[in-house]
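# Understanding the architecture of this molecule
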Amino acid sequence: MKFIRFLLRRLLFMLVTLVFITAMLYGIMMLAPVEARAILYMPRSDYGQGSQQLIQEIIEEKGLDDPYPVQYVRWAVNLLRGDWGWSPSMRDDVLPALIRRTPVTAELTLYSVLLYIPLGLASGVWAGWKRRRFADYGFRLVAFIATSIPPFILGLVLLAIFYVGLHWFPIGRLAMSNKMIVDSPEFRTITGLLTVDGLLNSRLDITLDALRHLVLPVFTLSLTHWATLGRVTRASMIEELDKEYVTAARGRGLSVQWTVWRHALSNALLPALNSSALSAASLITGVFVIEVIFALPGISELFSISAVDAFSLVPDISATMGFALYGVLFVLPLMFVLDVIQAIVDPRIREGGLK
Amino acid sequence: MKGLVRFAVNWRNWPPFLLVSLFVFVALAAPLLAPPEDPNHPSDARIVEGYTDPAPAPPDENVVLGTVAYYSLGALGDANMLHFDVFYSLVWGTRSILRFGLITAFGAATIGVLMGAVSSYVGGALDALLMRVTDAFLAFPVIAGVWLFQTLMQTAGMRLTDYTNFSWVTVPETWFQRWVSAWDIDPVMLALIAFSWMAYARIINVNISVLKQTEYVAAARSLGAGNLRIIFRHLVPNAIAPIIVLLARDVGGMVVQQAAFAFIGVSGTVNSTAIPEWSRLLMLGRNWVIGQWGNPFVHWWVYIPVTLALILFGVGWNMLGDRLNVLLNPREVVK
């Protein structure tokens, strides 16, 4: 029962966060001239060519000179209706464009999280347990190197070696021949995640090909986060092992393994899980950077397209706002899942005793 | 003083200290290391004459670390190849990169400390509200903020067609845009400050919530100290140690993040004056990293020096943070 209340509280927080962030986004956009904001309501055919008459009409019709709260509510209602505006640089509606690109980003995020969180926790616990032994020094060295190399540089080096040099792991999502199969009507798109859809269509080769394309981006993205998470876990593991209850447990004759497994582990995992929940947004930022480098057609295409279209006369406010809001919509579920895992590990959070 | 001695006697403190001092030294000695053409108005980049090839020119006696080429389109549609001196940009870029890192990290820390200190000291509903705001900010990816401010600044000087007499109408700038362009502020810097102060606020909040229960705060209040005096004279100095550690790490972290954004193209075009010189090198060189037959060393001077500089910069400040942590929070450090 209390667990359900915890879940409801988290969901409510997500809702409040969304309201706050949309209000902030519109507030920031109010710093732009009113003529620029008219782009949010640009008719679909009139790409990029902001004529003065048209813009003035939009400003009067949509009341863009109204006070902030009125305008914000009008914009938020439009968002809820699914009208996220029309992007002049993509020549496309923003929300459908975002939704179409979601599976790519989701797949990359999913596999990275599934890889780096278990590995980070495991290696942190291992290194903390084997403190000042070979395994610990090895972990610290690797983690130091992993956090020192910026992911965008690592990605580039890996591309040079494994894609251009050795032809092991290609860029993009699928090989051309498989892409044609996926686009053909026989292939049913169910989840949009190619690795899953391949299995559902009993096309193992497509799943394997999709996985092969994911190896480099997932590795590049996971490495830094794995190292950071491992370090936090190691530190909290050592802190737990130094506490008196561990000494007492061992004094009572419990084996070392049992003490670590039963007592220290769950206490040590909490700060680590908490830190990864807090850095969910930076993970998503990393996802977008990696997508651009490995030419994955994910959500980040929105800004790679509009950056190429630098000569378009009208700055793309609809795409910018849509991207920002959608990015938050990506972070919130991730934070939610990590919070729930924390609550499962720690009864204090679950029962609402701890904020 | 005692702290300085303690810092100096441990050999582990020397590598980060030397790394950071190296960058400060290069920044200060830039006019000696890479003499500018006009000493009174040194520019951040030097364009080398005599190279017309579209490919970057390899190092020779003229340019120590080669050049990167920039294909610029003139006002009359005339195209010319501009070759930037890599070594010069690297040396003079140290100044802008240090400025970028320090301003961004200090900006974020200032906002965070103010938020955290005020909320935890006042407590109650305001504390709950400000901390929920902090949590909401935590869900916002920085890259979206960078693009947001970028677009905001793009709308400055936006032009609209007037079809009645077929002319341009330039949209007037808002106060914010005037302010940003008057101070020549990088929108990326603005976004990084606006969306990465949350860690500071959370740390300060937790620390002060504990500290304000202590007896010396009650003593200070009974002596008649005001709220502001208690916050900034008693509470913040005692809660500041982890902030300094985070600050040192952030100086490097912000710079590396900024370079990543520049590299993937969200932080504006090559022409932008606000972009630090190192990031411009990365932007100009990114298409030359993978050379013929996948050999990444054909045009090595285009990206290896600046990449190494970035890595060393990040590592230096990060290690400095770690060592300050040992010095300032000896209890929390687990060896």
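Residues numbered from 1 in each chain as written. Chains lettered and ligands numbered in written order. Predicted model: local features only at pLDDT ≥ 70, side-chain atom pairs only at ≥ 80, totals over all residues. Heavy atoms only, no water.

### A few points about the overall build of chain B
As a reminder, the rule being used: Helix and strand labels come from DSSP, where a helix needs a run of H or I of at least four residues and a strand needs a run of E of at least two; each type is numbered from the N terminus. Each residue gets one of three labels from its accessible area relative to the maximum for its type: buried under 20%, exposed over 50%, partly exposed in between, using a 1.4 Å probe on protein chains only. Whether two residues are in contact is decided by their heavy atoms: any pair within 4.5 Å suffices. For every accessible area listed, the method is Shrake-Rupley and the probe measures 1.4 Å; residues are considered covered only by the protein chains on display. Only four residue types enter the tally: Lys and Arg on the positive side, Asp and Glu on the negative side, with His and both chain ends excluded. Note on charges: their place is set at NZ of Lys, CZ of Arg, CG of Asp or CD of Glu.
Secondary structure summary: chain B contains 14 helices and five strands in total. Principal axes of the C-alpha set define a box for chain B whose edges measure 75 × 65 × 45 Å. The buried share of chain B, taken over its 335 residues, is 54%. Residue pairs at least 24 apart in sequence account for 70% of intrachain contacts in chain B once pairs closer than 6 positions are excluded. When the accessible surface of chain B is summed, it comes to about 16000 Å², and 64% of that surface belongs to carbon and sulfur atoms. For chain B, the separation between the mean place of its 20 positive charges and that of its 20 negative charges on side chains is 19 Å.

### A closer look at the overall build of chain A
Looking only at helices and strands, one finds 16 helices and two strands in chain A. Each of the three principal axes of chain A carries a C-alpha extent, and together these read 85 × 50 × 40 Å. Every one of the 355 residues in chain A was classed for burial, and the buried ones make up 52%. Relative to all contacts within chain A whose residues are 6 or more apart in sequence, the contacts with residues 24 or more apart total 75%. With the model as given, the accessible surface of chain A reaches about 16400 Å², and the carbon-plus-sulfur share is 66%.

### A closer look at the environment of Ser275(A)
Residues and elements named next belong to chain A. Here serine 275 shows up in helix α12 (residues 256–278). For the pair serine 275 and leucine 229, spaced 46 residues apart in sequence, the C-alpha separation works out to 7.5 Å. Sequence-distant contacts of serine 275, defined by excluding residues within four places in its chain, comprise Leu229 and Val232.

### A word on the interface of chain B and chain A
Basically, it comes down to this: The term buried area refers to how much accessible surface (probe radius 1.4 Å) is lost by two components on association, counted for both of them together. Here a salt bridge means any side-chain nitrogen of Lys or Arg lying within 4 Å of a carboxyl oxygen belonging to Asp or Glu. Whenever a nitrogen or oxygen atom comes within 3.5 Å of another N or O atom, the pair is scored as a polar contact, on the condition that within protein one atom can donate a hydrogen and the other can accept it, and that pairs from neighbouring residues in sequence are kept only if both atoms are in side chains.
Listed per partner, the contact involves 57 residues of chain B and 62 residues of chain A. Approximately 5200 Å² of surface area, both sides summed, lies buried where chain B meets chain A, with 79% of it carried by carbon and sulfur atoms. At the surface where chain B touches chain A, the tally comes to zero salt bridges. On inspection of chain B and its partner chain A, the count reaches three residue pairs in polar contact (both at pLDDT 80 or more). Elements with a minimum of two residues in the side of chain B that touches chain A: α5 (124–138), α6 (142–154), β4 (159–162), β5 (167–170), α7 (175–182), α12 (241–264) and α14 (300–328) of chain B.

### Observations concerning helix α8 (residues 187–194) of chain B
All names here are of chain B. Within α8, seven of the eight residues are buried, which leaves it mostly tucked inside the rest of the structure. Among all positions of α8, only Pro187, Val188, Met189, Leu190, Ala191, Leu192 and Ile193 are buried. The elements touched by buried residues of α8 are α4 (86–122), α6, α7 and α12.

### Considering the environment of Gly112(B)
Residue and element names in this part refer to chain B. If you trace the backbone, glycine 112 turns up in helix α4. You can call glycine 112 buried: its relative accessible area is 0%. Sequence separation of glycine 112 and phenylalanine 195 is 83 residues, and the distance between their C-alpha atoms is 10 Å. Dropping the residues within four chain positions of it, glycine 112 is found in contact with Trp197, Tyr200 and Ala201.

### Focus on the packing of helix α6 (residues 134–148) of chain A against helix α10 (residues 204–241) of chain A
Residue and element names in this part refer to chain A. In plain terms, the rule: Orientation is described by lines fitted to C-alpha atoms, with helices fitted over the stretch in contact, and by angles between N-to-C directions that extend from 0 to 180 degrees. Throughout, the term roughly parallel applies to angles under 35 degrees, roughly antiparallel to angles over 145, roughly perpendicular to angles from 65 to 115, and oblique to all others. Here a crossing is taken to be left-handed if its near helix is turned anticlockwise relative to the far helix by less than a right angle, and right-handed if that turn runs clockwise. In this count, Pro and Cys sit with the nonpolar residues alongside Ala, Val, Leu, Ile, Met, Phe, Trp and Tyr, while Asp, Glu, Lys and Arg are called charged and the others, Gly among them, polar.
Running from N to C, α6 and α10 point in directions that differ by 135 degrees, and their axes come no closer than 8 Å. Relative to α10, α6 is oriented oblique. When the axes of α6 and α10 are compared, the crossing they make is left-handed. In this structure, α6 uses Asp136, Phe139, Arg140, Val142, Ala143, Phe144, Ala146 and Thr147 to contact α10, whose residues at the interface are Leu223, Thr224, Trp226, Ala227, Thr228, Gly230, Arg231 and Arg234. Of the residues in the contact of α6 with α10, the class split is eight nonpolar, four polar and four charged.

### Details of unusual backbone geometry
A positive phi angle, close to 55 degrees, is found at Ala295(A), a residue other than glycine. Position of Ala295(A) relative to the elements: it lies in the loop between α13 (280–293) and α14 (301–308).

### Regarding the side chain of Glu277(B)
Along the chain, the position of Glu277(B) falls in helix α13 (residues 277–285). Leave out the neighbours within four places in its chain, and Glu277(B) touches Asp44(B), Ala45(B), Ser89(B), Gly93(B) and Ser96(B).

### As for the confidence of the model for chain B
For clarity, the cut-off: Per-residue confidence from the predictor is given as pLDDT, running between 0 and 100.
The predicted model of chain B averages 83 in pLDDT, with 94% of residues at 70 or higher. When pLDDT is averaged over each element of chain B, α8(B) comes out on top at 91 and β4(B) at the bottom at 72.

### Observations regarding the pattern of salt bridges
Residue and element names in this part refer to chain A. Under the counting rule described, the total for this entry stands at 14 salt bridges over all chains. We note a salt bridge from lysine 62 to glutamate 61, for which the minimum N-O separation is 4.0 Å. Between glutamate 301 and arginine 101 there is a salt bridge, with its nearest N and O atoms 2.6 Å apart. Taken together, the positions of glutamate 301 in helix α14 and arginine 101 in helix α5 (residues 94–129) put the pair 200 residues apart, joining distant regions of the chain. Among the residues examined, glutamate 301 registers a relative accessible area of 23% and is labelled partly exposed. Classification of arginine 101 as buried rests on a relative accessible area of 12%.

### Overview of the packing of aromatic side chains
All names here are of chain A. So the rule is basically this: The criterion for an aromatic pair is that two Phe, Tyr or Trp rings (for Trp, the six-membered ring) have centres within 6.5 Å, with stacked assigned to planes under 30 degrees apart, edge-to-face to planes over 60 apart and tilted to the rest.
Tallied over the full model, the rule gives 32 aromatic pairs over all chains. On the basis of an interplanar angle of 15 degrees and a centroid distance of 6.1 Å, the ring pair of phenylalanine 3 and phenylalanine 6 is categorised as stacked. Highlighted residues: phenylalanine 3 and phenylalanine 6, both in helix α1 (residues 2–29), separated by three residues, approximately one helical turn. Taking relative accessible area as the criterion, phenylalanine 3 reaches 27% and is therefore assigned partly exposed.

### Examining a nonpolar patch on the surface
Stated precisely, the cut-off is as follows: A patch consists of residues whose relative accessible area exceeds 30% and which take part in no salt bridge; residues with like charges are grouped when within 9 Å of each other, and nonpolar side chains (Val, Leu, Ile, Met, Phe, Trp, Tyr) when within 5 Å.
A contiguous nonpolar surface patch, about 450 Å² in accessible area, is contributed by Met1(A), Ile4(A), Leu8(A) and Leu11(A). You can see Leu11(A) is positioned in helix α1.

### Observations concerning the environment of Leu312(B)
Residues and elements named next belong to chain B. Mapped onto the elements of the fold, leucine 312 is located in helix α14. Overall, leucine 312 belongs to the partly exposed group, its relative accessible area being 36%. With sequence-adjacent residues up to four places away left out, leucine 312 is seen in contact with Leu19 and Phe23.

### Quick notes on the side chain of Ser148(A)
Structurally, Ser148(A) can be placed in helix α6. A polar contact is formed between the side chain of Ser148(A) and the backbone oxygen of Phe144(A), at a distance of 2.6 Å. The contacts of Ser148(A), once residues within four sequence positions are left out, are Ile311(B) and Val315(B).

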